[in-house]
Amino acid sequence: MNEVIKTDVLIIGAGPVGLFAVFELGLLDVKAHLVDILGKVGGQCAELYPEKPIYDIPGLPVVTGQGLTDALMEQIHPFKPTFHLGEMVTTVEKIGDPLFRVKTDAGKTFEVKCVVIAAGGGSFQPKRPPIQGIEPYEDKSVFYAVRKMEDFRGKRLIVVGGGDSALDWTLNLQPLAKRLTLVHRRDEFRGAPDSVNKMRALVAAGEMDLKIGQVTGLEGSGGELAAAAVKTKDAVERVECDAMLPFFGLTMKLGPVADWGIKMEDELIPVDTATFETNIPGLFAIGDINTYAGKLKLILCGFHEASLMSQKAYHYVYPDKKLVFQYTTSSTSLQKKLGVA
Amino acid sequence: MSDVQELTERANKDAMPKITFVEHDGTVRTVEAELGSTVMETALRNDIGGIVAECGGGCTCATCLVHVDEKWFARVGPPSEEENQMLDTAFEVKETSRLSCQIKVTEELDGLVVHTPSYQGR
């Protein structure tokens, strides 16, 4: 179970830049694993704007966030990267010269020559509602995710939100709950129409409650909720409850990166622009998370950074070998790696 | 028309619209805004507090929420359905709340007053 995974490079973040780093490293025979807190690849491209057009990827006049992600996955396919999705890297510890021990919140341990932080704006985490005094209830009676449905059996639940997460959990938990109240700021829902219809049918049948408003206060003690104040158009209602599940989507937080001993400036990682290495040899930062004179937070800049990072990482992985620069257009050896020669 | 008149008129025509931001802590700042830019971009350019704009103006994150001053709301107008869906993931949303990345600066909005919230979800 706790076997150590040994590979050349661990890439933190499977957004476009992390994905392209697999390609650049792969051309140099450097193998990579990727860890991402989201359950899918593509980072912001896939999470924030899968359907939105991007116009500044060289050679692609227009591509959507999901389209770019899909194309990158096809491009890196020959290098067979291993993905560890839905996991967050919690610690990065330097144990050699260079050698790193990396741990995730899923209990995995890696030992790698180099670590590449391609974490963009940080890790996606649930948005926390600004309800005064919410902190003591979090993970006790206020939850941003459902781990075990059984935990909610026989309880009075408040689900907050109007998207698919709120609706799906409303429909899944309603049969188990003693009473379920869905709270949303307006009487329109952006979730799947089928889910909306099912929810409305339950409300019409008196099987659950729907309140149009916003949760403004919590009541309870020792982390156990007793009631929530729901501000509707005309009044503030007191809704008794044992647990609350707010679903307001995700936001990016820097997360544990700040605790790894890397020199940082305003939540960004300064790098050497020849190698994109941080102040710790063997530890690199590419894409939106790094900073240097002239830095632009563009995907295309991240691609460039990935290519230069790979040159330096190669020397850590193969300290005795000389790297000869080659073009994919003309090099048979590179084309073999890509499976086209 | 005298030269002075013409110059004055031209200067008025070229004058940039002004936007007043009232921050949550009461700080009031009036800044110039470029025509065609957005209220969000204007806020970032002028280091206005309380605007995060995580997604950079794509209407995909709801971290650039502002409360449009009531006197101005009719002129600014209500959010589109796409924007309204993002407002669902924002907090303390009022009748006059908008995402500032979706408000384009026009001559008609010269003098606009918006209030920034204490919290954008991060």
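Residues numbered from 1 in each chain as written. Chains lettered and ligands numbered in written order. Predicted model: local features only at pLDDT ≥ 70, side-chain atom pairs only at ≥ 80, totals over all residues.

**Topic: the interface of chain A and chain B**
Each partner contributes to the interface: chain A provides 17 residues, whereas chain B provides 15 residues. Class assignment for the residues of the side of chain A that touches chain B results in 6 nonpolar, 6 polar and 5 charged. (Contact = placed C-beta atoms within 7 Å. Nonpolar A, V, L, I, M, F, W, Y, C, P; charged D, E, K, R; others polar.)

**A look at the domain arrangement of chain A**
Examined at the domain level, chain A breaks down into domain 1 (4-125 + 251-337) and domain 2 (128-248). Placing a centre on the C-alpha atoms of domain 1 of chain A and another on those of domain 2 of chain A gives a separation of 38 Å. (Domains from an automatic or database assignment.)

**Some thoughts on the sheet that holds strand 3 (residues 65-68) of chain B**
Residue and element names in this part refer to chain B. Reading across from one edge, 2-1-5-3-4 is the order of the 5 strands in this open sheet, with mixed pairing throughout. Unpaired on one side and paired on the other, strand 2 (28-32) and strand 4 (97-99) mark the two borders of the sheet. Strand after strand, the sheet turns through a mean of 35° between neighbouring axes, direction not considered. In this structure, strand 1 (residues 18-22) lies alongside strand 2, joined through 5 bridges in antiparallel fashion. (Pairing = 2+ DSSP bridges. Helix = DSSP H or I, 4+ residues; strand = E, 2+ residues; numbered from the N terminus. Axes fitted to C-alpha atoms, helices over the stretch in contact; angles between N-to-C directions.)

**Let's talk about the sheet that holds strand 12 (residues 209-221) of chain A**
Residue and element names in this part refer to chain A. Within the open sheet, the 6 strands sit side by side as 14-13-12-11-10-15. Their pairing is mixed. Both outer strands of the open sheet, strand 14 (236-240) and strand 15 (243-246), are each paired with one neighbouring strand and no more. Mean inter-strand twist for the sheet, computed between neighbouring axes without regard to direction, equals 35°. Sheet analysis places strand 10 (residues 156-160) next to strand 15, joined by 4 bridges and oriented parallel.

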